[in-house]
Structures are given as structure tokens and as C-alpha cells.
Amino acid sequence: MLKKQTVWLLTMIGLVVVLSVYYVMSPTSQTAVTYEDAEVVSSEDGEEWVFEDEVEVSTESSAEDLFNVLRMEVQDERSALKEQLTSKVASADFSAAEKDEAYEAMEELNRLESKEKLIETMIRAMGYEDALVRTDEERVLITVKSIDHEHSKEAANELVQLGRREMGENTFVSVMFEPAE
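Described below are features of the structure shown in this document.

About the thresholds
Residues numbered from 1 in each chain as written. Predicted model: local features only at pLDDT ≥ 70, side-chain atom pairs only at ≥ 80, totals over all residues. Heavy atoms only, no water. Salt bridge = Lys/Arg side-chain N within 4 Å of Asp/Glu carboxyl O. Helix = DSSP H or I, 4+ residues; strand = E, 2+ residues; numbered from the N terminus. Buried < 20%, exposed > 50% of the residue type's maximum accessible area, 1.4 Å probe, protein only. Pairing = 2+ DSSP bridges.

**Observations regarding the pattern of salt bridges**
Item 1. Applying the stated criterion across every chain, the model contains eight salt bridges.
Item 2. In this structure, the salt-bridge partner of Glu108 is Arg111, at a minimum N-O distance of 3.1 Å. A residue pair is termed a helical-turn pair when its members lie 3 or 4 positions apart in one helix, as Glu108 and Arg111 do in helix 3 (residues 96-125) at three residues.
Item 3. In this structure, Arg139 engages Asp136 in a salt bridge whose closest nitrogen and oxygen atoms are separated by 3.0 Å.
Item 4. Judged by its relative accessible area of 35%, Asp136 is partly exposed.
Item 5. It is possible to trace a salt-bridge network through shared partners that takes in Arg71, Glu120, Arg124 and Asp130.

Rendered as C-alpha cells:
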């Protein structure tokens, strides 16, 4: 019973950490509210209420927000997988071989994340504004944010070769260019 409570507690702590990081790192869209000919009423506790028939609300977001959202989604998925593997390693319900397999999977996941971050850093060093590298089974998806809107086959090939060099020669690498705003 104590192990179940410990796993539950660790899961909840992990969830709080993931949500906290997501809240801090989440893209903040700029919301503008325009009040024209509005009646503003203040309550006793300092709260202001606006009474008007029409209120315009506009929200702005950018491609940078998309990159951050995708990063957070991948991070959330991997955090959940790591939690599952950690609970498997800590559980007495699995054999030593199954625990070793789970531990190796966690180590492989950590190596994969390190390689992805390294490739992103190398792409930024090549002069691109930003890069997002995601691995899906045997595929590597590279999305590059570029200031210039001209993308040559040579630039794409250079990125494919970089992905293969870092992730393995037999890896299928896909490159997509996104315009920077």
C-alpha cells in the first residue's frame, strides 16, 4: 500500500512540475481589449466592470509560439513515458529483466533528447533563427525557421546530412522550412 501511495505522490508531483513548466513557458498571446463609449463601474473590492454592447478582442500569436507549443507537447509526452518507466523500475511487480529493459528505455530516451537538442543548437549555429527536432520511431523531423524565404535543395540536403550524422546513417530525415516573422 505504501508503494502505491509513493507512486501516486511521485506522479502528482511530476504532474505539478510539468504543468508549472508549461505555465511558465507557455506562449503568452497578447490580448487587446478596446473600450469605446463604455460605462466602467467599480465595486467595493476594487474590481472594475465594463458595460458595453460591443467589445473588440484581438489575439496575436506567432510561429515562435507554434515551436514552443510543439516543444511542450513532446516534453509532456516524454515526461509521461518517463514516469511510466520509473514506476516500472520502482515496482516489485516486475522481474529484474523487465526493470532493466525499462531502465534502458529511460536511458535511450535521455540520449535521444540530448541528440535532438544538440542538432537544434548546431542548426542555430548555421545561421537559422530557430529549429525544432523531433524523433518519431526511425524518422527525424527537422523544422527550421528561416529569415530568408528562399530554401535551396542544398540547404535541405545539408540539414538531412546533419541529422543522419548525429542520429545514424540509416535514419530517415525530413526537413521543413517555416518562414520567420
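From this point, the narrative continues.
**With respect to the pairing of strand 6 (residues 139-146)**
For a regular strand, the rule is simple: side chains alternate between the two faces of the sheet.
Item 1. Burial within strand 6 is extensive, with seven of its eight residues counted as buried.
Item 2. Hairpin connection, strand 5 (residues 130-136) to strand 6: the antiparallel pair is bridged by two residues, and Glu137 has positive phi, about 55 degrees.
Item 3. Pairing of strand 6 with strand 7 (residues 172-179), which is carried by eight bridges, proceeds in the parallel orientation. Along strand 7, the bridge assignment pairs Thr143 with Met176.

Such coordinate-based values are descriptive only and should not be taken to indicate function.
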